[in-house]
Amino acid sequence: MARVLIVGAGLTGSLCAALLRREAARPVHLAVWDKAGDSGGRMATTSSPYDPQSTVDLGAQYITRTPQYAQKHQSFYDELLAHGILKPLTYPIEGSVMKAGDSNFVAPQGVSSIIKHYLKESGANIRFRQCVTQINLKNNKWEVSKETGSPEQFDIVVLTMPVPQILLLKGDIVNLISEHQRQELESVSYSSRYALGLFYEAGTKIDVPWAGQYITSNPCIRFISIDNKKRNIVSSEIGPSLVIHTTVSFGVTHLERDVEEVEELIFQQLENILPGLPQPVATKCQKWRHSQVTNPAANTLGQMTLHLKPLLVCGGDGFTHSNFDGCVASALFVLEALKKHI
Ligand SMILES: Cc1cc2nc3c(=O)[nH]c(=O)nc-3n(C[C@H](O)[C@H](O)[C@H](O)COP(=O)(O)OP(=O)(O)OC[C@H]3O[C@@H](n4cnc5c(N)ncnc54)[C@H](O)[C@@H]3O)c2cc1C
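Residues numbered from 1 in each chain as written. Predicted model: local features only at pLDDT ≥ 70, side-chain atom pairs only at ≥ 80, totals over all residues. Heavy atoms only, no water.

### So, the site of the ligand
Logical step 1: In the neighbourhood of the ligand, 33 residues make up the surrounding shell, with Thr-12, Asp-34, Arg-42, Tyr-62 and Asp-317 lying closest.
Logical step 2: Between a nitrogen atom of the ligand and a main-chain N or O atom of Tyr-62, the distance comes to 2.8 Å.
Logical step 3: Between Val-132 and the ligand, the recorded distance is 2.9 Å, taken from a backbone N or O atom to a nitrogen atom.
Logical step 4: For the ligand, whose free accessible area comes to 1,000 Å², the fraction covered by protein is 93%.
Logical step 5: If you list the elements that add at least two residues to the shell around the ligand, you get helix H1 (11-23) and helix H11 (324-339).
Logical step 6: A per-class count over the shell around the ligand returns 12 nonpolar, 16 polar and 5 charged. (Near = heavy atom within 4 Å. Polar contact = N/O pair within 3.5 Å; in protein donor to acceptor, adjacent residues only side chain to side chain. Areas by Shrake-Rupley, 256 points an atom, 1.4 Å probe, with all protein chains shown as cover. Helix = DSSP H or I, 4+ residues; strand = E, 2+ residues; numbered from the N terminus. Nonpolar A, V, L, I, M, F, W, Y, C, P; charged D, E, K, R; others polar.)

Structure follows, in structure tokens:
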């Protein structure tokens, strides 16, 4: 059985795993490794340390289906809607720019439930806290090293982490990337921003008429979501939760600062926008060094094949664009590349 390793348990990696399980001509041994402690990547959902039901989406907030992708990716939307993983967004997001025919969806169980669904479907052997550091060629297989534990061998490797993290990998991979490919990979750029999740005691009232709001007049804060309301979970037993996304310029300026200091700066600005907010019982500040792709790899058609025999492919939003459909498109291109080898 071919041993396939997918690095990254974000949307691209989890969907690649599910598609491969469904469409491979022969059975494969599938492994998914992620350096984080849980799945989701930039579609992460985190819960209050005091109440597992009080959660925030720290990265992606909602999925916008455009008319083009409503057709092209219909089966993906149908599947997630049929399982109740996506539901239409019913509360207003003030300041969002909707084009004719667009529809917004939220994930009631948190956006990471999309990733968890695909991982479950894949039946893959999933391992967290596995930070891949090196990829070497050994006896016509890939020997993959991680920060801890022994290296392991695979027939096929798929890399789905943000492109700058692919370029950090050591070993034979460094010399296998052609000069032209390296230039393309180095041209991929991302915005940076912080996300701050705030968890409140059950029964706390956050009295605003919206579920989310884009802010245009603040140097620090770009977006606020009353996260439980966005997902239509308004209950006196579950503490409300808020998420704040900073502007990219704030994110870039404070990228190397202590997260605690950044959290304090965000709180000061939040007081100007929503004065008198109660004290949260818990907070979670997340730095997104690689937030959304500002310049994807050109001429790569959704994936880049770094080596043919054995196969080494990379995919992810760095090869398309940063949203649900960008990741689905990339996963489909990765699948096409893989099918020829399985
Ligand atoms: C703040 C923010 C807001 C967003 N808003 C939206 C939105 O509203 N709607 C929308 O559709 N999209 C949104 N996006 C974009 C969307 O989240 C991304 O396009 C998508 O999640 C990318 O998925 P991915 O699987 O390609 O990459 P990732 O989610 O980044 O997954 C890559 C995974 O690789 C792992 N990894 C990295 N290096 C290694 C290593 N060396 N070894 C092992 N594992 C490694 C990481 O831990 C990560 O889990 C937003 C993103 C951010 C950050």
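### A closer look at the nonpolar core
Logical step 1: Among the nonpolar cores identified, the biggest contains 43 residues, and Leu-20, Ile-114, Tyr-118 and Phe-324 are the most heavily contacted of them.
Logical step 2: Going through the elements one at a time, strand S1 (2-7), H1, strand S2 (28-33), helix H3 (74-82), helix H4 (112-122), strand S13 (156-159), strand S22 (311-315) and H11 are the ones with two or more residues in this core.
Logical step 3: It is H11 that provides the largest number of residues to this core, a total of 8 residues.
Logical step 4: If we skip the residues at most four places from it in the chain, Tyr-118 touches Leu-11, Ser-14, Leu-15, Ala-18, Phe-76, Glu-79, Leu-80 and Phe-324.
Logical step 5: Within the second largest apolar cluster, 27 residues are counted, among which are Val-132, Val-157, Ile-173 and Tyr-190. (Core = buried A, V, L, I, M, F, W, Y, C linked by side-chain atoms within 4.5 Å. Buried < 20%, exposed > 50% of the residue type's maximum accessible area, 1.4 Å probe, protein only. Contact = heavy atoms within 4.5 Å.)

### With respect to H3
Logical step 1: Along H3, the residues that are buried comprise Phe-76, Tyr-77, Glu-79 and Leu-80. Down the axis of H3, the buried side of the element spans an arc of 160°, and every buried residue falls inside it.
Logical step 2: Buried residues belonging to H3 abut H1, strand S5 (63-65), helix H2 (67-72), strand S8 (103-106), H4 and H11.
Logical step 3: Just downstream of H3 lies Gly-84, where phi reads positive at about 70°. (Arc of directions from axis to C-beta.)

### Things to note about the UniProt feature "domain: Amine oxidase" (unreviewed entry) in the protein
Logical step 1: Sites flagged by UniProt as "domain: Amine oxidase" (unreviewed entry) map to residues 92-332.
Logical step 2: Structurally, residues 92-332 is divided into 25% helix and 30% strand, and its ends, taken at the C-alpha atoms, are 32 Å apart. (UniProt positions renumbered as here; feature names shortened; annotations may be inferred.)

### Comments concerning the packing of H1 against H11
Logical step 1: Put simply, H1 and H11 touch, their axes get as near as 9 Å, and they point 45° apart. When the axis of H1 is compared with that of H11, the two are oblique. The crossing of H1 and H11 is right-handed. Between H1 and H11, the contacting residues are Leu-11, Thr-12, Leu-15, Cys-16, Leu-19, Leu-20 and Glu-23 on the first element and Phe-324, Cys-327, Val-328, Ser-330, Ala-331, Leu-332, Val-334, Leu-335, Leu-338 and Lys-339 on the second.
Logical step 2: Looking at the contact of H1 with H11, its residues break down into 13 nonpolar, 2 polar and 2 charged. (Axes fitted to C-alpha atoms, helices over the stretch in contact; angles between N-to-C directions. Parallel < 35°, antiparallel > 145°, perpendicular 65-115°, else oblique. Left-handed = near helix turned anticlockwise from the far one by under 90°.)

### Details of the side chain of Ser-192
Logical step 1: Among the structural elements, Ser-192 can be located in the loop between strand S14 (189-190) and strand S15 (193-199).
Logical step 2: Looking at Ser-192, its side chain comes within polar contact range of the main-chain oxygen of Arg-289, at 2.7 Å.
Logical step 3: With residues up to four places along the chain from it excluded, the contact list for Ser-192 reads Thr-247, Val-248, Gly-251, Val-252, Leu-255, Trp-288, Arg-289 and Ser-291.

### Side note on the state of the cysteines
Disulfide: a covalent bond connecting the sulfur atoms of a pair of cysteines.
Logical step 1: For the coordinates displayed, the defined rule picks out 0 disulfides.
Logical step 2: There is no disulfide at Cys-16, and the cysteine sulfur nearest it, in Cys-327, is 9.6 Å away.
Logical step 3: In this structure Cys-131 is not part of a disulfide, and its nearest cysteine sulfur, from Cys-314, lies 17 Å away. (Disulfide = S-S within 2.5 Å.)

### Some thoughts on the pairing of S1
Logical step 1: The buried fraction of S1 amounts to 5 of the 6 residues, a majority that puts the element mostly inside the structure.
Logical step 2: Examined bridge by bridge, S1 and S2 share 6 bridges and lie parallel to one another. If you follow Ile-6 over to S2, its bridge partner there is Val-32.
Logical step 3: In terms of handedness, the path from S1 via H1 over to S2 forms a crossover that is right-handed.
Logical step 4: Bridge analysis of S1 against S13 gives 4 bridges, and the strand direction is parallel. Its bridge partner being in S13, Val-4 is matched across the sheet by Ile-156. (Pairing = 2+ DSSP bridges. Right-handed = clockwise from strand over helix to strand, strands pointing away.)

### Some thoughts on the side chain of Ser-48
Logical step 1: As for its position among the elements, Ser-48 is in strand S3 (residues 45-48).
Logical step 2: In terms of polar contacts, Ser-48 uses its side chain to reach the backbone amide nitrogen of Tyr-50, at 3.0 Å.

### Regarding the sheet that holds S1
To summarise the sheet geometry, strands pair through backbone hydrogen bonds and adopt either a parallel or an antiparallel arrangement.
Logical step 1: Strand order in the open sheet made by the 6 strands is S9-S2-S1-S13-S22-S21, with mixed pairing throughout. At either margin of the open sheet sits one strand with a lone partner, and together these are strand S9 (125-127) and strand S21 (303-307). Direction aside, neighbouring strands of the sheet carry axes that sit 20° apart on average.
Logical step 2: Pairing of S21 with S22 involves 4 bridges; the strand directions are antiparallel. Residue Thr-305 lies in a different strand from S22, and its bridge partner there is Val-313.

### A closer look at the sheet that holds strand S11 (residues 141-146)
Logical step 1: A sheet is described by the order of its strands in space; here 3 strands give the open sequence S10-S11-S12, paired in antiparallel fashion. The open sheet has two free edges, formed respectively by strand S10 (132-138) and strand S12 (152-154), since each of these has just one partner strand. Ignoring strand direction, the axes of neighbouring strands in this sheet form an average angle of 30°.
Logical step 2: Pairing analysis gives 6 bridges linking S10 to S11, with the strands arranged antiparallel. The partner of Val-132 across the bridge, within S11, is Lys-146.

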